[in-house]
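Spelled out from the first residue to the last, the chains are:
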Amino acid sequence: MLFRSDVARRPGDPFELRVEVQAGRVSAELDTDQADKRMLGSEHLVYNDLQRATLQALEGWLKRSHAIADLAPNHPAYLVNETSTVLGRHLYEVLFHGAIGEAFDTALDAARQAKTHLRVQLYVAEDDRGALASLPWEFLYHDGREGGESFFLARKTELMLNRCLPLRTGRTRLAPESAPLRLLVILALRGDETTNNNVGPKAVRDAIQQLDGPEYDVEGEGRPRPLDTDIVETWQLDKLNAALDKHPQVIHLVGHARTMNGNTTEIYLPNSDGNHAWQPADSVVSFLTGGKNAQHLPRLIFLQLRQSEDAAFADSFERLARSFIRENVPLVLAMQYPMPDKEAGDF
């Protein structure tokens, strides 16, 4: 899921539909170049105990799908392929029922007519009853009844689906001022994963080499490489500090997370001696962002979750993403579910 801070839309940006849950109501407001912001609809929030239990059951089953596939590779019938679609339809009904769904259709039609994209900004309070903020909104599914389109919002190329926190820090320029893009990759892996052909250090270096390529000339003039990459294979503070002194614009963290007591996230941090410790996620956030002004903060953080051996299906980087946003990192792409090795390497 892509998390971002709450920033004002500028002329020429994609159209924005703000969907906000507040005080037991859901509202939808559209911002375009063609007119002032306008309220498109408002509805009572309908989220009862049965809906909550249904969403939790569907998400729990979905989190286990990869593990089931690994345990029974020759029995695809064990998987229920419609799980994500049904989960997405239930999520859509929570926020986009009635006038809010009509507002979404109106906003999408307006963006298409203007030949631009539509950015859907979700504002769901973290302390809302029933933990609405922690639901997997990236699975939102528009069910095209009566012959309309059916699609996952996150997969629609003309849409951008964002989770937003109302910090109002101002819009940060995301594109680097000049090449190369400074990238820091942190591999907080368990011992047997360091030789993994998909996510180990060698695999990561090979993948970055394909993106980076050799230095090249254009009309006899030297051009810098597109990437300036540091790869830190363990949680070695001296190497991390040296890499952070270069003010990376993108940080990609690959590692393990676990949820303690239902609401506290910890991250597995190995050191160069082969030892490890589970550390509170907030300490990692402070280390990677502490003492930096807005100019030197990373502009994008990727949080890539590894599959844990103990199959702790409740683990995710979702809470960690929100912590980075509170520290004024503009964009965080966080995985709520671990990937199998092959897909993790491709990512």
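Conventions we followed
Residues numbered from 1 in each chain as written. Predicted model: local features only at pLDDT ≥ 70, side-chain atom pairs only at ≥ 80, totals over all residues. Heavy atoms only, no water. Helix = DSSP H or I, 4+ residues; strand = E, 2+ residues; numbered from the N terminus. Contact = heavy atoms within 4.5 Å. Areas by Shrake-Rupley, 256 points an atom, 1.4 Å probe, with all protein chains shown as cover. Buried < 20%, exposed > 50% of the residue type's maximum accessible area, 1.4 Å probe, protein only. Arc of directions from axis to C-beta. Salt bridge = Lys/Arg side-chain N within 4 Å of Asp/Glu carboxyl O. Phe/Tyr/Trp six-rings, centres within 6.5 Å; stacked < 30°, edge-to-face > 60°. Core = buried A, V, L, I, M, F, W, Y, C linked by side-chain atoms within 4.5 Å. Pairing = 2+ DSSP bridges. Axes fitted to C-alpha atoms, helices over the stretch in contact; angles between N-to-C directions.

Enquirer: Describe the overall build of the chain, and please don't skip the residues or the numbers.
Expert: Helix and strand counts for the chain come out as nine helices and 18 strands. Here the contacts in the chain between residues at least 6 apart in sequence split such that 69% fall between residues at least 24 apart. In the structure as shown, the chain presents an accessible area of about 17700 Å², 49% of it carried by carbon and sulfur atoms.

Enquirer: Could you give an account of helix 7 (residues 281-289), naming the residues involved and the relevant values?
Expert: Looking only at helix 7, the buried set comprises Ala281, Val284, Val285, Leu288 and Thr289. Along the axis of helix 7, the buried residues cluster in a sector spanning 110°; they form a single face. The inward-facing, buried residues of helix 7 abut strand 9 (181-188), helix 6 (237-244), strand 15 (264-270), strand 16 (276-280) and helix 8 (318-326). In the segment just after helix 7, Gly291 is the residue with positive phi, at about 75°.

Enquirer: Give me the lowdown on the pattern of salt bridges, citing residues and values where you can.
Expert: Per the stated rule, a full pass over the model turns up ten salt bridges. With a shortest N-O distance of 2.2 Å, Arg52 and Asp49 are connected by a salt bridge. Of the two residues, Arg52 and Asp49 both sit in helix 1 (residues 49-63), three residues apart, roughly one turn of that helix. A relative accessible area of 16% means that Arg52 is categorised as buried. According to the relative accessible area criterion, Asp49 is exposed, its value standing at 52%. Through salt bridges with shared partners, one network takes in Arg112, Glu149, Lys156 and Glu158.

Enquirer: Which residues make up the packing of aromatic side chains, and what values go with them?
Expert: Centre-to-centre distance and the angle between the planes together describe a pair of aromatic rings. Within the structure shown, the criterion is met by seven aromatic pairs. The interplanar angle of 55° and the centroid separation of 5.5 Å between the aromatic rings of Trp235 and Phe287 together place this pair among those described as tilted. Residue Trp235 is found in the loop between strand 12 (227-232) and helix 6, and its partner Phe287 is found in helix 7; the two are separated by 52 residues along the sequence. Among the residues examined, Phe287 registers a relative accessible area of 23% and is labelled partly exposed. Ring centres of Tyr268 and Trp278 lie 5.5 Å apart, and the angle between their planes is 70°; this geometry places the pair in the edge-to-face category. Linking Tyr268 in strand 15 with Trp278 in strand 16, this pair joins segments that are ten residues apart in sequence.

Enquirer: Give me the lowdown on unusual backbone geometry, citing residues and values where you can.
Expert: Although it is not a glycine, Lys115 adopts a positive phi angle of roughly 55°. Along the chain, the position of Lys115 falls in the loop between helix 4 (99-113) and strand 5 (118-124). Although it is not a glycine, His247 sits at a positive phi angle of roughly 55°. Inspection of the secondary structure assignment puts His247 in the loop between helix 6 and strand 13 (250-255).

Enquirer: Quick rundown of the nonpolar core? Include the residues and the values.
Expert: Counting 41 residues, the largest nonpolar core has Phe96, Phe104, Leu118 and Trp137 as the members making the most contacts within it. Looking at this core, the elements that each hand over two or more residues are strand 2 (15-22), strand 3 (25-31), helix 1, helix 3 (83-95), helix 4, strand 5, strand 7 (151-152) and strand 8 (159-165). Of the residues forming this core, the biggest block, seven residues, is contributed by helix 4. Excluding its chain neighbours within four sequence positions, the residues that come into contact with Phe104 are Leu17, Tyr92, Phe96, Leu118, Val120, His142, Phe151, Leu153 and Leu159. Counting residues in each nonpolar core, the second largest holds 30 residues, with Leu244, Ile267, Leu303 and Ala334 among its members.

Enquirer: Help me get a handle on the sheet that holds strand 16, residues and values and all.
Expert: Read across the open sheet, the three strands follow the order 14-15-16; overall the sheet is antiparallel. At either margin of the open sheet sits one strand with a lone partner, and together these are strand 14 (257-260) and strand 16. Geometrically, the sheet is characterised by an average inter-axis angle of 35° between neighbouring strands, direction not taken into account. In terms of strand pairing, strand 15 meets strand 16 through five bridges, oriented antiparallel. In the strand pairing of strand 16, Glu266 is matched with Pro280.

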